[in-house]
Amino acid sequence: MKINMARWMQDIIDRKEVVAIPVMTHPGIEITGDTVLKAVSDGVAHCNAIVALANRYPTAAATVIMDLTVEAEAFGAEISFTEHEVPAVIGHMLNSADDIYNLKVPSLKAGRVPEYIKANLLAARAINDRPVIGGCIGPFSLAGRLYDMSEIMMLIYQDPDVAHILLEKCTEFILRYCLALKEAGVNGVMMAEPAAGLMSNDDCRRFSSDYVKRIVDRVQDDDFAIILHNCGNTGHCTEAMVATGAAAYHFGNKCDMEQVTRDVPPTTLSMGNLDPVSVFKDCTPEQMREATTQLLEKMSKYPNFVLSSGCDTPPHTPMENIDSFFEALHDYNS
């Protein structure tokens, strides 16, 4: 469903009540009775999980799985799959500058990309009462999965020109993917760029934000929003994140939500940041309620704050805790 996202975001800022957009699909997989493996490889099962959660919870937007292996797999990376856990990249596929020079940018028919586009398409058609936010990886995080994270950190200092060649190729693919997701009918994309948080603000800008901005400039408009997620940011590279011009910023639990929100333009959304593991998954419902209420009270001065998890909630997150999260939000708004 087409939604004016610029107006939707301004409405969130203008309204008195706080809205919630936790990044979660795995609880939906458990509602439908599918496995994680089925959902990450079958667009219909993936969509069913998104719809199941939208039917159960009053989220301000629906989100797809934050799977940071899809794009790497399309390039040819080896992926480890298990029945009930999130996929993971095995090792790395690039070992030298020559490997980077010879790397081909894949088509959108590679790997599981078609199934993810299908999931987005079906979810956008099925959910008509709120935006559907797709997902993709960020350029630097993709480069790290292809070349190895510690190796890419050395490469940006030892041979930055070669690093930029790899980032160009990663950006080209992500741009194409985002355009396909936009064509599929979703209302925006949450771009996960956690590895950028490993760099200084200046390096984050050179090796991540400049590339993200290219994608933002090409795909973002009134009807399609880029939400930049960086759970590696501890507050040191918020300035670089904001330089991308994204419509919204999503922060992880490593940072002080109030501090980073001060650095975000008040016309954009600042989303976060309850710990998806130690709070959402491991707390009792009472502790979940307390943590949610504390964050809401702390952020009460910021009209652009959106309550969220700090990252994708993992498999086996108790439904009672998610219920408690939304009950705390309801009580706060009342």
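How each quantity is defined
- Residue numbers run consecutively from 1 along every chain, following the written order of its sequence.
- Local features in this predicted model are restricted to residues of pLDDT 70 or higher, and side-chain atom pairs are both shown and tallied only at a pLDDT of 80 or more, whereas totals for entire chains, interfaces and linings draw on every residue.
- Remark: hydrogens and water are excluded; side-chain values derive from all non-hydrogen atoms of the structure.
- Interaxial angle, 0 to 180 degrees, is taken between N-to-C directions of lines fitted to C-alpha atoms, where a helix line uses only the stretch in contact.
- The secondary structure listing takes helices from DSSP runs of H or I that are at least 4 residues long and strands from runs of E that are at least 2 residues long, numbered from the N terminus.
- By convention the crossing between two helices is left-handed if the near helix lies anticlockwise of the far one by an angle smaller than a right angle, and right-handed if it lies clockwise.
- Throughout, a residue-residue contact means that at least one pair of heavy atoms, one from each residue, lies within 4.5 Å.
- Gly falls in the polar group here, along with every residue not listed as nonpolar (Ala, Val, Leu, Ile, Met, Phe, Trp, Tyr, Cys, Pro) or charged (Asp, Glu, Lys, Arg).
- Using a 1.4 Å probe on the protein chains alone, a residue whose accessible area is under 20% of its type maximum counts as buried, one over 50% counts as exposed, and one in between counts as partly exposed.
- Multiplying 1.5 Å by the helix residue count minus one yields the expected span of that helix.
- Of all possible arcs, the one meant is that of the directions from the helix axis to the C-beta atoms.
- Two N or O atoms count as a polar contact when they lie within 3.5 Å, although within protein this holds only if one can serve as hydrogen donor and the other as acceptor, and sequence-adjacent residues are included solely when both atoms are side-chain atoms.
- Throughout this description, any angle smaller than 35 degrees is read as roughly parallel, any larger than 145 degrees as roughly antiparallel, any in the 65 to 115 degree range as roughly perpendicular, and the remainder as oblique.
- Side-chain atoms within 4.5 Å are what join buried Ala, Val, Leu, Ile, Met, Phe, Trp, Tyr and Cys residues into a set we call a nonpolar core.
- At least two bridges found by DSSP between two strands are what make those strands a pair.
- Crossovers are described as right-handed under a simple rule: with the strands pointing away from the observer, the path leading from the first strand over the helix to the second runs clockwise.
- Our working definition of a disulfide is a cysteine sulfur pair at a distance within 2.5 Å.

J.: Explain the packing of helix 8 (residues 139-147) against helix 10 (residues 160-184) here, please?
T.: Each pair of packed helices gets described by two things: the angle between the helix axes and the distance between those axes. Two numbers describe how helix 8 lies on helix 10: the axes approach to 9 Å, and their chain directions differ by 115 degrees. The chirality of how helix 8 crosses helix 10 is right-handed. For the pair helix 8 and helix 10, contact is made by P139, F140, L142, A143, L146 and Y147 and by L166, L167, C170, T171 and I174, respectively. Residue classes in the contact of helix 8 with helix 10 are distributed as 10 nonpolar, one polar and no charged.

J.: For this particular structure, what's the right way to read unusual backbone geometry?
T.: Residue N273 is reached from G272 by a cis peptide bond, and omega for that bond is -15 degrees. Of note in the backbone geometry, D148 takes a positive phi value of approximately 95 degrees without being a glycine. Tracing the backbone shows D148 in the loop between helix 8 and helix 9 (149-158). Residue classification places D148 among the partly exposed positions, given a relative accessible area of 22%. We note that H316 has phi near 70 degrees; this positive angle belongs to a residue other than glycine. Note that H316 resides in the loop between strand 9 (305-309) and helix 16 (319-333). You can call H316 partly exposed: its relative accessible area is 43%.

J.: For this particular structure, what's the right way to read helix 16?
T.: At 3.6 residues per turn, the α-helix brings residues three or four places apart onto the same side. With 15 residues, helix 16 ought to run about 21 Å at 1.5 Å a step, and its terminal C-alpha atoms sit 21 Å apart, in line with that. Three or more residues of helix 16 are buried, namely M319, N321, I322, S324, F325, F326, A328 and L329. Where helix 16 is buried, its residues meet helix 2 (26-32), helix 4 (43-56), strand 8 (269-274), helix 14 (276-281), helix 15 (285-298) and strand 9.

J.: Before we go on, may I ask you to explain helix 1 (residues 5-14) in this structure?
T.: Among the residues making up helix 1, those that are buried are M5, W8, M9, I12 and I13. When helix 1 is viewed along its axis, its buried side chains cluster within an angular range of 140 degrees and face the same direction. Exposed positions of helix 1 whose direction lies more than 90 degrees from the buried face are R7 and D14. Two or three places before A6, at the opening of helix 1, N4 has a side-chain oxygen 3.2 Å from that residue's backbone nitrogen.

J.: Would you take a moment to explain the packing of helix 8 against helix 9 for this structure?
T.: Between helix 8 and helix 9, the shortest axis-to-axis distance is 7 Å and the interhelical angle comes to 115 degrees. By the angle between their axes, helix 8 is roughly perpendicular relative to helix 9. Crossing handedness for the pair helix 8 and helix 9: right-handed. Contacts between helix 8 and helix 9 involve F140, A143, G144 and Y147 from the first element and M149, E151, I152, M153, L155 and I156 from the second.

J.: Looking at this model, I keep getting lost on the nonpolar core. Mind explaining?
T.: W8, F140, L146, L166, L269, F305 and L307 are the most contacted members of the largest nonpolar core, which has 125 residues in total. Sorting elements by how many residues they give to this core places helix 10 first, with 13 residues. Setting aside its immediate chain neighbours within four residues, W8 contacts I3, I21, A60, A61, P131 and L269.

J.: Would you take a moment to explain the side chain of T317 for this structure?
T.: Along the chain, T317 falls in the loop between strand 9 and helix 16. A distance of 2.7 Å separates a polar side-chain atom of T317 from the backbone oxygen of P314. Beyond its immediate sequence surroundings of up to four residues, T317 is in contact with E30, F280, K281 and I322.

J.: Please clarify how the pairing of strand 5 (residues 188-192) should be interpreted in this entry.
T.: Consecutive side chains of a regular strand alternate in pointing toward one face of the sheet and then the other. Counting buried positions over the five residues of strand 5 gives five, a clear majority of the element. Judged by which residues are buried, strand 5 turns out to be covered on both faces: G188, M190 and A192 on one side and V189 and M191 on the other are all buried. As paired elements, strand 4 (residues 132-137) and strand 5 share five bridges and run parallel to each other. Within strand 5, the position partnered with G134 by the bridge is V189. The pairing of strand 5 with strand 6 (residues 225-230) spans five bridges and is parallel. In the strand pairing of strand 6, V189 is matched with I226. Handedness of the crossover is the feature at issue here: the chain leaves strand 5, passes through helix 11 (residues 201-219), returns alongside strand 6, and the resulting connection is right-handed.

J.: Sorry, what's going on with the state of the cysteines here?
T.: Throughout the structure, instances matching the rule amount to zero disulfides. Here C170 is not cross-linked by a disulfide; its sulfur's nearest cysteine counterpart is in C136, at 12 Å. C231 forms no disulfide, and the closest cysteine sulfur to it belongs to C311, at a distance of 4.1 Å.

J.: Sorry, what's going on with the sheet that holds strand 1 (residues 62-63) here?
T.: Strands belonging to one sheet form pairs held by backbone hydrogen bonds; the direction of such a pair is parallel or antiparallel. Pairing within the open sheet is parallel, and its seven strands lie in the order 1-4-5-6-7-8-9. Edge positions in the open sheet fall to strand 1 and strand 9, since each of these has one partner strand only. Packed onto the sheet, helix 1 meets strand 4, strand 6, strand 7 (248-251), strand 8 and strand 9 and runs at close to 65 degrees relative to strand 8.

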